[in-house]
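Descriptive analysis of the structure
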Amino acid sequence: MPERPVKVRFPPSPTGLLHVGSARTALYNWLYARHTGGSLVLRFEDTDRARSTDDAVDQALRVLEWLGIDWDEGPIRQTERLPVYGEIAERLVTEGSAYRCYCTTQELDAERKQRQAAQLPLIYSGRCRDLTDEQRAAFEAEGRTPAVRFRFDPAGETVIEDMVRGVVQWDNALQGDFIILRSDGIPTYQFANPVDDIDAGITHVLRGEDLLSSTPRQLAVYRALGAPEPLFAHLPMILGPDKKRLSKRHGAVSVEEYRDLGYLAETMRNYLALIGWSFDDKTTVMTTPELVERFTIERVNRSPGVFDVAKLEWLNGEHLRLLEPGRFAEELQAYLERSGSPLAADRERVAEVAPVVQDKLRVLGQFEGFAGFLFGPAVYDDEAVGRVLDDPDAPRALESATEALRRVVEWDAGSIEEALRGACEETGLKPRVLFGPVRIAISGRTVAPGLFESLVLLGREESLERIATLGRRFAVEG
RNA sequence: GCCCCCAUCGGCUAGCGGCCUAGGCCUCCGCCCUUUCAAGGCGGCAACACGGGUUCGAAUCCCGUUGGGGGUACCA
């Protein structure tokens, strides 16, 4: 095989939301193209007119953009190239590599049922393989519109050397003649896919393992057309926690959902790369440039992998912490805007608060609940408040904290900490006993950013106000 | 039914005949730190599916079994 520069492609069918499995395939193709200095072609396989939608195309484009996966050619749509497939199919018919098939769906179904019962492989019988001109004319006269079938030579076997699976072979007798052009003239995947790959000069086909068994048919098209064959790399499937094919049943399955939950694109690239590929025995957290530099097909593994949200979440925390503080604030702001959060309006505040939450969040979506009290009135969690009300030391804690905070001269984290620790000594209360009620008083919850930083951001007046408000509840309820 | 692929801790994986009393990461469980939570530090539980071979030696090679996945469409 002559050396050609690497050219890969990502050909989703726009029939729904872009799945994490498809995204992983897109990522691998992109990483391979970038790693090798090759190019990536984006193509929408929309020959299933019933299920393909423009919305799905737009959505895929948006996801790819968000993921930072860019392409060098396209996007092209197969429905824009219909005449091309028609011409090539016609050529194959003329050359004898394909023929018109007049069988109806009902006839085909009946045939299949028979074979099923006889425990035979479910392939087309070849009934229309060698029709005479008279027979064809008769069918036409009946009003039947033919589909075009590829004449698959049943002799011998098809062998490929898959880049991840090694040698894989199939008995050609078990392939059967497959349809390349439906009776309405629209090409099938088995045909349009290789035709486009040939036209684009694709050198490597990296795709999901679910497409492995369609390889012999596509290769047959390459051969019939006398085109140079690509190298194949079939990637392991991504499974749900129950080891079944990942689907909506398993929860979030589209990339967009993870984006909306507050995952970083950087995290998705890192995580997706790790299902089915590894750099070595100890590297987990990788930036995208590192991924590009390190990605090779040789290290792609063969076995299917389970999509593990827990690890994805952990990894997102890692990437959040890796962000330079300014970038973190930007990501946070962008996320809040995109998700329509009211907090997004106060950009300055977001920038102020960002530093105190950067090392605590795992996903950006936690921000509102975590730091919302710094943007407006605290939302009091009943359980947290109950904890304070049940605490016999709480009134004293709130009181002494109030006094200490009143005395603070410079309202900064250091001075506040000093003052509150002083209050601990005066009252003899342990830090956790004294700080706990204060935290709940100002934030409404037990889980929040650092106490001192929060007090600084809230300001003295508001802080004291909130502490007093909670204190008053002892009079009423306590 | 038929064809193809796969098989290491609960999950992601390292391992490409001796370096393996099987390593890393996530999860989980302890402990430490501490201002709750988170983060961080330390430690722990936990796997070569099974059965035959080959070999001086097998997680690594071969065969079979079992299990899982995919395909078998005028879907892609």
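Let me begin by describing the structure that accompanies this report. Please read all numbers here as calculations on a predicted model, not as lab measurements.

1. Let's talk about the protein's contact with RNA strand B
In the vicinity of RNA strand B, 68 residues are found, and the nearest of them are Asp 48, Arg 182, Arg 362, Arg 439 and Thr 446. Restricting the count to atoms of RNA strand B within 4 Å of the protein gives a sugar and phosphate share of 72%. Taking Gln 119, its main chain carries an N or O atom lying 2.9 Å from a sugar or linking oxygen of RNA strand B. Separating a phosphate oxygen of RNA strand B from a side-chain N or O atom of Ser 278 is a distance of 3.1 Å. Secondary-structure elements contributing two or more residues to the surface near RNA strand B are helix 4 (105–117), strand 5 (147–150), strand 7 (166–171), helix 6 (189–200), strand 12 (305–306), helix 11 (309–322), helix 18 (431–443) and helix 19 (451–458).

2. Digging into the sheet that holds strand 1 (residues 7–10)
The parallel open sheet is built from three strands, whose spatial order is 1-2-3. With one partner strand each, in any of the chains shown, strand 1 and strand 3 (73–77) form the two edges of the open sheet. Across the sheet, the axes of successive neighbouring strands diverge by a mean angle of 25°, strand direction being ignored. Where strand 2 (residues 39–44) and strand 3 come together, three bridges link them in parallel fashion. Residue pairing in the sheet places Arg 43 in a bridge with Ile 76 of strand 3. With respect to the sheet, helix 1 (residues 20–36) is in contact with strand 1 and strand 2, its orientation differing from that of strand 1 by roughly 160°.

3. Notes on the pattern of salt bridges
Pairs can form between side chains of opposite charge once their charged atoms are near each other. Applying the stated criterion to the full structure yields 37 salt bridges. With its nearest N and O atoms 2.6 Å apart, the salt bridge here joins Asp 177 to Arg 129. In this pair, Asp 177 is assigned in the loop between strand 7 and strand 8 (179–181) and Arg 129 in the loop between helix 4 and helix 5 (133–141), connecting sequence segments 48 residues apart. Connected through shared salt-bridge partners, Arg 9, Arg 43, Glu 45, Arg 81, Asp 196, Asp 197 and Asp 199 make up one network.

Conventions we followed
- Residues numbered from 1 in each chain as written.
- Chains lettered and ligands numbered in written order.
- Predicted model: local features only at pLDDT ≥ 70, side-chain atom pairs only at ≥ 80, totals over all residues.
- Heavy atoms only, no water.
- Near = heavy atom within 4 Å.
- Polar contact = N/O pair within 3.5 Å; in protein donor to acceptor, adjacent residues only side chain to side chain.
- Helix = DSSP H or I, 4+ residues; strand = E, 2+ residues; numbered from the N terminus.
- Pairing = 2+ DSSP bridges.
- Axes fitted to C-alpha atoms, helices over the stretch in contact; angles between N-to-C directions.
- Contact = heavy atoms within 4.5 Å.
- Salt bridge = Lys/Arg side-chain N within 4 Å of Asp/Glu carboxyl O.

Limitation: the analysis is restricted to geometry and does not speak to function.
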